[in-house]
Amino acid sequence: MSDSGAGVPCPVCGTPNPPERRFCRRCAAPLTPATAAAPLPWWRTVWPFHRRTRGGSGRMTRFLVVLAVVLALCAGGFLLLPAGRHLIEDTRDKLGKAKEVTAARVEASAEVPGHPVGDSTDGLSNRYWGAPAPGASATYTFAEPFRLVDVIITNGASASPEEYAHQARALRIDMEVTARDGRKVHKELVLSDKPGPQTFPTGISDATTVRLTLDAPAGAAPERHLALAEVEFFRRG
């Protein structure tokens, strides 16, 4: 059977070709038109993903962009690391059970006779540390570093409502915590003028010493001194 009959004309020379042929029988030009490339997605039309140059150059550009994004993420993670670590430690504090820790040594900058600073850690709320005036401080030193989770303070001369107001009370305490590496953390503890324990969350790692400085007295009078019945420290269990 002759293949000279009418058929698909060659797009180059116009020679008719049978439908089954893929190339012109005269000039060998392709008879099937090239399939049009699918349109690029919208994000590929935006720099630097839109390839306007040679393939190698486009790949290099994309590589540099990806590298810059990775470096930016690493830098952001490094900057946010302290905050992230703080959040993790706070979560562990809330999930764990706190245990009381006792100071190995207690010292005071000043104390009233008969009311030594040791009475603030004796576990008895009817005895207290007596400080002659605001600005007096007590320093609690611990045998080993620990995560200070909470501080509980029982203010005044006693936890008993009848005896609480027999002496003056400090309604503000400056707490300075020294860590194992020498870092110092300051927190201001504002107390309510009422008997009984008051809890202050702290969340300070590697604490070795805690210094409490009394301030903002209430119920002050010439014949009275500041009274602090009990201080309790708690570590993460």
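For clarity, every value in this text was computed on a predicted model and none was experimentally measured.

A.B. asks: Just checking my understanding: could you explain the side chain of Asn17 for this structure?
C.D. replies: With respect to the element layout, Asn17 can be found in strand β2 (residues 16-17). There is a polar contact of 2.7 Å between the side chain of Asn17 and the backbone oxygen of Thr15. Of the polar contacts made by the side chain of Asn17, one reaches the backbone nitrogen of Arg25; its length is 2.8 Å. Sequence-distant contacts of Asn17, defined by excluding residues within four places in its chain, comprise Gly7, Val8, Cys10, Phe23, Cys24, Arg25 and Leu31.

A.B. asks: Help me out: how do you make sense of the nonpolar core in this one?
C.D. replies: Buried together is how nonpolar side chains tend to be arranged in soluble globular proteins. Residues Tyr140, Leu148 and Phe233 are the most contacted members of the largest nonpolar core, which totals 31 residues. Breaking this core down by element, the ones donating at least two residues are β5 (129-131), β6 (137-155), β7 (169-179), β8 (184-190), β9 (197-218) and β10 (226-236). Broken down by element, the residue count for this core peaks at 7 residues, all from β6. For Leu148, the contacting residues outside a window of four places in its chain are Val177, Thr202, Gly203, Ile204, Ala207, Val210, Phe233 and Phe234.

A.B. asks: Would you explain the environment of Ala133 in this entry?
C.D. replies: For Ala133, the location among the structural elements is in the loop between β5 and β6. Residue Ala133 is classed as partly exposed on the basis of its relative accessible area of 35%. Sequence-wise, Ala133 and Ala227 are 94 residues apart; in three dimensions their C-alpha atoms are separated by 9.9 Å.

A.B. asks: What exactly am I supposed to notice about the side chain of Glu230 here?
C.D. replies: Within the secondary structure, Glu230 sits in strand β10. This buried residue, Glu230, is left without a salt bridge; Arg127 holds the nearest opposite charge, at 7.7 Å. Of note is the side chain of Glu230, whose polar atom sits 2.7 Å from the backbone nitrogen of Gly123. Ignoring any residue separated from it by four or fewer positions in sequence, one finds Glu230 in contact with Asp119, Ser120, Thr121, Asp122, Gly123, Leu124, Ser125, Ile152, Ile153 and Thr154.

The rules we used
Residues numbered from 1 in each chain as written. Predicted model: local features only at pLDDT ≥ 70, side-chain atom pairs only at ≥ 80, totals over all residues. Heavy atoms only, no water. Helix = DSSP H or I, 4+ residues; strand = E, 2+ residues; numbered from the N terminus. Polar contact = N/O pair within 3.5 Å; in protein donor to acceptor, adjacent residues only side chain to side chain. Contact = heavy atoms within 4.5 Å. Core = buried A, V, L, I, M, F, W, Y, C linked by side-chain atoms within 4.5 Å. Buried < 20%, exposed > 50% of the residue type's maximum accessible area, 1.4 Å probe, protein only. Lys, Arg positive; Asp, Glu negative; His and termini not counted. Salt bridge = Lys/Arg side-chain N within 4 Å of Asp/Glu carboxyl O.

Spatial relationships are all this shows, so hold off on functional conclusions.
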